[in-house]
Structures are given as C-alpha cells and as structure tokens.
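Structure assessment
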Amino acid sequence: MISLKKFILKKELYFLYFFLLLAIFNNVSHFIKKNLFGDRVDFWDFHVYWCSATKFVNGISPYGGETIKNCLSQFNFDLYFSYPPIILKFLSFLGYFEFNTAKIIWITIIVSSFFIIIFCLKKIYKIPKIFIFTLILIFTGGGLIWSALLAGNISVILYAILSVAIYYYLKKKTSIYYLLISIISLVKFPFLVFFALPIFQFGIKNIINSNTNEMKKIIFYFFLTLFIYFLQFQFNKELFIDFINSTISYKSDGFLLIHGTGIGIHGIIDLYQNILYENYNLNIFNPSGFLSFLIHIFISGTIFLSAYFLFHDNWKNNKLDEIKVANKQNKLLISFFIAIFICCFPRISSYDFFLLISSFFYVMRNSRIKLLSSNWNLIATLLTISVLAVYDTRYPAFVISSFLFLFFYLQITNKDPFFLKKN
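Here's a quick rundown of the structure. (Residues numbered from 1 in each chain as written. Predicted model: local features only at pLDDT ≥ 70, side-chain atom pairs only at ≥ 80, totals over all residues. Heavy atoms only, no water.)

Our next topic: the overall build of the protein. The number of helices and strands found in the protein is 21 helices and zero strands. With 423 residues in all, the protein has 52% of them scored as buried. Relative to all contacts within the protein whose residues are 6 or more apart in sequence, the contacts with residues 24 or more apart total 75%. About 20300 Å² of surface is accessible on the protein, with carbon and sulfur atoms providing 66% of the total. (Helix = DSSP H or I, 4+ residues; strand = E, 2+ residues; numbered from the N terminus. Buried < 20%, exposed > 50% of the residue type's maximum accessible area, 1.4 Å probe, protein only. Contact = heavy atoms within 4.5 Å. Areas by Shrake-Rupley, 256 points an atom, 1.4 Å probe, with all protein chains shown as cover.)

Structure below.
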C-alpha cells in the first residue's frame, strides 16, 4: 500500500494526462458519431433564444404556453424561455436574421466569450501551460464544459463577464466588479450572491469600518439591480408576470421530469426526494413542494454561514484598508468562495462549471493540503484525478460536496488550508 501511494503521488501528472486523453477521445468521437454523422442537433439553447426572439419581434410573448414548444417541434426540443424581459429585448436582435445567419452570429459570440474566460483565468491564476489547462477545463467531469459549449447557453457569456469581474476584483477595482455582477444578475438573479464575496472574505464589520466606502458600493449596486427588475415590472407588467410564471415552472413536476434535477448538491437532494415522492407516494417530499424549498434554503444558508464564520474571522476587528493578504491567500479564498456560491445555485448545469473547475484545481494544487502529510496529499491527488477519470453525471455533486467539506474540516481542525495564520 505504501508503494502504491508513492507511485500515485509521483505519477499524478501522468494519471491526469492519461485520463485527459481518454476524455478527449470519448467526447470528440461521440460528437463525430452523434452530431456530424448522426441526427443530434447542437446549440440547442440557441434554438430557444432564436425562437423567442422571432416571436417577440412579431409581438408574441415567448413565455410559457405552447409558443416556443411549437417553434422547437421541428428540432424535437421541449425547452422553456425564462429570462427577464430586459434580456429578451437584448436577444431580440437574433429575430431579425434567418436561422443559419443568427446561429453563426451566436456561435461567434459564444466562442469569443469562451476565449475571454480562458484569457481572464490565465491572468488571474498565472497559468503557464494554458493549452493543457484549456483541455482540462473543457473535458473535466466527462466533458462538462464541452457539453456547455455545444449547448450554446447564454451562461457562457455570463461567466465571461464574471471572469472579467473577478479579474478586476483582484485588482481592487471593485466598482467595476459590482457593475458587472449587477449586469449578470439581470440575466440570472442567483448571481446576486456574488455581491457578498467581499463580506465573506473580510467580514461585514471590517467592510463597514473601512475607509473605502465598500459597503456603500455593495448596497448601491445591489439595489440598482433590484430597481431595474422593478422597472421591468412597472413598464410591462404582463410580460414580467409571464416571466415570473415561467421561472416558477422550473420547480414544477413537468420540468423535473423532462430536464432532471441538475448536477449539483441541490440536484442530489431533489433526486432522492423524488424517489420518496414517486415510489412511496410521500407528497411532503415532492421536489416542487415547500419542504424542498426550505431544505435548499437551510443547506445553502448553513454552507454560507459556515464559510463566513470559519474564514473571515482571521481579520476580526480590523479595518478593510488595514488588512494585508498575500496574493496567493487572496486567490485561494476567492476561489473557494466561488465554489461555495456556485454550488448553492438552485440548479447547477454543465455551463456552471467554467469557474468552478478552475477554482477547484487552483485550491487543490495551491493550498496547504498537499503539505500537511502524505495521506492528505494522497486524498487531494485522488480527488483531483477522479474528476477527469469518472464520467458519471452525478459525480460532480460528490466532488463539490467533498471539496467543500474537506476544507471546512481542515479549517475547523486548525490545519490552516489557506495560510491565513501567517498574517
């Protein structure tokens, strides 16, 4: 066993490259078989945007009902459009182009957004082998990002904007950060949680006591975002109510049946609740019910509060402008909190892993976990290798939860995973 452990630790990179090559071969060959020579349609989310834009420019609401379903029937899709009216108006430009032209435009936007993500991650993490990193990013988890790119989801654009925001946040240009968070929150409101990043990192008292007006900026941009949501309701109540009803459908029985529960922690919870609900007729465990909502709130709140009290306490009773954090420590904390924020989203899909994967690898390879002992090093190595080796769609949720609670445990037991005690 000792020899096997030494072998795994010594050959970690070889294992990573081996499983990376397997993942590339499997995903590319599957794409050639199903998409190029088969009848599978790629960029399925684009089809939703194009249909919605086409209907909207012709004076038809794309929310709910059979409107989009009928438009997508030729592609055998059954998807919803559930973005706010302001985003619908932004996407409406697609409706002025015929299908193939609009698709080329959208592919160009998505590919450009992906390169922006790669460029920002290289700048943030000082990645030396950017080509290898890009392949790892795309094909980790059995090709999560590969699937996200083929979907053509608008989230690729959102994570490009978020990557730029994190870059400016590290440069201490927080006004730009809050503005960009406000923009992406107008598309998907769960991104509002990123306004809490400085509070999680430094503590609310330190933010309030600082001389940088940081709390005023957070409050201003947060309520600016909410105000824009209110204006959408004020100027077009009917369209906004259609959007709300469409959003609610994401927790309906029909949506869960068609699209599943997602691949995050909450998806696992919904999965087991659904088993109890369907197999044992226990209505209280309906994944679309109120109990499910409370369970999600409790788990997300527990993770948020645990992170807050475990990690920000290192700078207790200090002013924000007096806190000195090494660049490596800063990136470790921010990366870990990115993972916390994203894993608590209501329904994680493949396109939510752009920053989650990069955060995971950075923390696993740069924290103290590999320096604690050979046993901890082995745990980190096996977990890192496994995200490339295991292709199960539920495995990412296991990795996320293991990753978070592993570092919670290290902090609780004073292992100081992020080198905070050296301040």
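Having seen it, we continue.
On to the side chain of E12. Its place among the elements puts E12 in helix α2 (residues 12-36). Among the polar contacts made by the side chain of E12, one reaches the side chain of K370 at a distance of 3.3 Å. The contact partners of E12, leaving out residues within four places of it in the chain, are R365, K370, T381, T384 and I385. (Polar contact = N/O pair within 3.5 Å; in protein donor to acceptor, adjacent residues only side chain to side chain.)

Right, let's talk about the pattern of salt bridges for a bit. Pairing of side chains with opposite charge becomes possible as their charged atoms draw close. On inspection of all chains with the given rule, the structure shows three salt bridges. The salt bridge involving R365 is made with E12; its shortest N-O contact spans 2.9 Å. Taken together, the positions of R365 in helix α18 (residues 354-366) and E12 in helix α2 put the pair 353 residues apart, joining distant regions of the chain. On the basis of relative accessibility, which here comes to 38%, the residue R365 falls in the partly exposed class. When its relative accessible area of 7% is taken as the criterion, E12 is described as buried. Note that K370 and E12 form a salt bridge whose closest N and O atoms lie 3.3 Å from each other. (Salt bridge = Lys/Arg side-chain N within 4 Å of Asp/Glu carboxyl O.)

Our next topic: the nonpolar core. Ranked by size, the top nonpolar core spans 132 residues in total, and within it W106, F194, F354 and F407 carry the most contacts. Sequence-distant contacts of F407, that is, excluding residues within four places in its chain, are made with F311, F336, V363, M364, S367, I369, P417 and F418. (Core = buried A, V, L, I, M, F, W, Y, C linked by side-chain atoms within 4.5 Å.)

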